[in-house]
Amino acid sequence: MGNEDMERASSTNSPVIGDEKMEKTPPGDSHAAYLDPSVMEEDYEGKPTEEELRTLRRVPGKLPIVAYFICVVEFCERASYYGVQPLISNYVNRPLPEDGNGYGAPPEGTQKTAGALGLGTVTANAVTQSFSLLAYALPLLFGWLADARTGRFSLICWGVGVFGVAHVLMVAAGAKDLLAAGTAKAPYFISIYILSVGAGKFCLLSMECVEAPQPGLTRVFQAMFKPNVSPLLLDQMTTTVPKVVTTASGERVIQDPESTTERVMLWFYLLINIGGFMGVATSYSEKYVGWWLAFLIPLLLYLPLPILLWFLYKRLILHPPGGSDLGNVFRILGICFRRGGIKRIGRHGFWDLAKPSNIAACGLNIQTFWNDDFVDDVRRTFQATGIFCFFPIQYINDNGLGAAPSFLSTMLTTNGVPNDVINNFNSLSIIAMAPVLNYGLYPLLRKLNVHYGPVARITTGLAMSSIGGAGYAILNYYAYQQSPCGNYGSSDCKIGTGVAPISIWWMAIPFAIGGISELFVNVPAYGIAYSRAPVNMRGLVSALNLFNTAIAYAIGLACSSVITDPYLTWDFGGPAIAGGVLTIVFYFTFRHIDKEEFALSQNKDYHHKMEGTVNVVGENELNKSANRPAPISENEEMMISQKQ
């Protein structure tokens, strides 16, 4: 079956009742061998023995050339996106600088910040938070759409088309005449009419309800792209079973699917973070040239995307849509809440209320499309991902509540450095510290027989993010103390230099601490979730992670009215205090997992060390399931980084 036929093949969902296996594999499609027990149990050439599994070194297999091209596609998208994202706050918040060049750049030799619309901090925060909120809410919809209706590649192509329109409108919003006349809002807001087709409109938490800003259109593409690219990349992996091979040096090693996946995902996330640095180029462009160049650079980075996708189409392994279990998950939740109510959450028997056997025994006329085991799979997934509930506070402390860090940066002395370039220290710290942890700290602890379990690592990350949040609060306190405008220093201060005599480079410290905290939090958290949640529920694991990140942005959006002068110090201090308390609660709630994971790690079929980029965890004694997802849903686990 060709790619086009495979992508468009109809699914064959076969809902059943009772304990029968739920089969969702379209004709002509097949499961990945590593997640198919029937394949793994059969004999094949090079299959390692139990002794070889315990003793031989594991190495990655050869990566197909299309995998590198998909990584380049991701780089183009991330570079074009992160070239625009850091600029939103200045564009919406600050007015067009007086005595500037007319394109939004401030006069040279001053401490002024680039600006355009001058709508103030409250509206700017609402725009930036709603912008990000869409990124982590809409992928649930578009991920389901790809699995159940369109396939991944088709949705990516539609997203690229939408993204192109968004970039053209952005460049138009940087036109000198429009900025001078105050009509740059038109191209900046007009994309809402295109966005309304897919995502409607939303109210900004200011004094009025306005149409969603132009970045919302970018977010539609973002939502189409985010849930589909990394699974598409993993679909291309040809190393599907562990196999004993001999290297050129004569060493016998195991060519391992998990190691191969780790290798390709390291490339993937490396290019994501490199693409994230494109904000440096656009930030300097806005400050020294103007908005037209700052928006043109991302457009130029976007242009290779259609060509790359056209080149890749006939060369990709594409799974047809095979249906999604996400709808059944929501139906199960609805039945449990309807029959048991909120008071029964967490109590014994809450999930049993949605089992077909229980419904039939009670004589209820409720149609079900799942079996009893599927309900147990959902229960186990929510239990395994309970740790995610603590992540909104980590994300808030990591990046600041709403756009508060951006507003803080406008109060500090820049001496020619764009105020929105400093947040790149978050990505820089990740790139710098990941090798230190993977090849320094963690191997040293293992050599010393120190068990530094996943919960201990997450606790470390939560504590570090709280320290970073406290760092923001301290900086803001002194900025208010020393600003010529006092507690209103971020509100377009025009007294003297307009800024406090504190270098903006001090902000690099909390940004870097927050970035490093991600390494301690995200990776082991996904290791826990994927080793304990059923293998057919990995898409739900990713959905729950995205949902918790969306909660962090929803909190920032809801707090828009207070993310402004003179409340910024407490906007940082409050979450830092809450984060410190929740760090202690988290550790004492989940510390038992460290002992369980250590025992599981001693098994011969479990070699996930929970460091570096999360591997695809095969089936083990905790995550086995009788139900199988459609093949298109098997690689939906690689969402460990919010930067993806």
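Residues numbered from 1 in each chain as written. Predicted model: local features only at pLDDT ≥ 70, side-chain atom pairs only at ≥ 80, totals over all residues. Heavy atoms only, no water.

Peer 1: Is there a simple way to explain the overall build of the chain in this structure?
Peer 2: When helices and strands are counted, the chain shows 27 helices and 5 strands. Here the chain holds 644 residues, and 59% of them are scored as buried. Taking as baseline every contact in the chain between residues at least 6 positions apart, the subset at least 24 positions apart corresponds to 81%. Per element, the accessible surface of the chain, about 25700 Å² overall, is 62% carbon and sulfur. (Helix = DSSP H or I, 4+ residues; strand = E, 2+ residues; numbered from the N terminus. Buried < 20%, exposed > 50% of the residue type's maximum accessible area, 1.4 Å probe, protein only. Contact = heavy atoms within 4.5 Å. Areas by Shrake-Rupley, 256 points an atom, 1.4 Å probe, with all protein chains shown as cover.)

Peer 1: Is there a simple way to think about unusual backbone geometry in this case?
Peer 2: A negative phi holds for most residues other than glycine; trans holds for most peptide bonds. Residue D565 is joined to P566 through a cis peptide bond whose omega torsion reads 5°. Looking at the secondary structure, you find P566 in the loop between α25 (538-558) and α26 (568-590). Within the chain, D99 stands out as a residue other than glycine whose phi angle is a positive 65°. For D99, the location among the structural elements is in the loop between α5 (88-93) and α6 (120-150). The phi dihedral of N415 falls on the positive side, at around 50°, and the residue is not glycine. With respect to the helices and strands, N415 occurs in the loop between β4 (412-413) and α22 (425-447). Since its relative accessible area comes to 63%, N415 is described here as exposed.

Peer 1: When you look at the sheet that holds strand β3 (residues 252-255) in this model, what are you seeing that I'm missing?
Peer 2: Strand pairing within a sheet occurs via backbone hydrogen bonds; the two strands may be parallel or antiparallel. Here 3 strands make up an open sheet; going across it, the order is β1-β3-β2 and the pairing mixed. Of all strands in the sheet, those with a lone pairing partner are β1 (58-59) and β2 (243-246), marking the two edges. In this structure, β2 lies alongside β3, joined through 4 bridges in antiparallel fashion. Looking across to β3, one finds that K243 is bridged to Q255. (Pairing = 2+ DSSP bridges.)

Peer 1: Is there a simple way to think about the nonpolar core in this case?
Peer 2: When a protein is soluble and globular, its nonpolar side chains tend to lie buried together. Membership of the largest hydrophobic core comes to 81 residues, with the highest contact counts inside it found for Y91, L408 and M507. If you tally residues by element for this core, the top one is helix α4 (residues 65-84), at 9 residues. Ignoring sequence-local partners within four residues, the contact set of L408 consists of Y472, L475, N476, A479, M507 and F572. In terms of nonpolar packing, the next biggest core, distinct from the first, is built from 35 residues, L540, V541, F586 and F590 among them. (Core = buried A, V, L, I, M, F, W, Y, C linked by side-chain atoms within 4.5 Å.)

Peer 1: Would you mind showing me how to read the pairing of strand β5 (residues 500-503) here?
Peer 2: The side chains of a regular strand alternate, first on one face of the sheet and then on the other. By the alternation rule, side chains of β5 split into A500 and I502, which are all buried, and P501 and S503, of which none is buried. Where β4 lies against β5, 2 bridges are found, and the strand directions are parallel. In the sheet register, T413 faces β5, and the bridge partner there is S503.

Peer 1: Help me understand helix α16 (residues 304-312), please; the structure alone is not making it clear to me.
Peer 2: An α-helical segment advances 3.6 residues per turn. Residues three or four places apart therefore align on the same side. Inspection of α16 places L305, L308, L309 and L312 among the buried residues, and these make up the whole buried set. Along the axis of α16, the buried positions cluster into a sector of 100°, meaning they face one direction only. More than 90 degrees from the buried face of α16, the exposed residues found are I307 and W310. (Arc of directions from axis to C-beta.)

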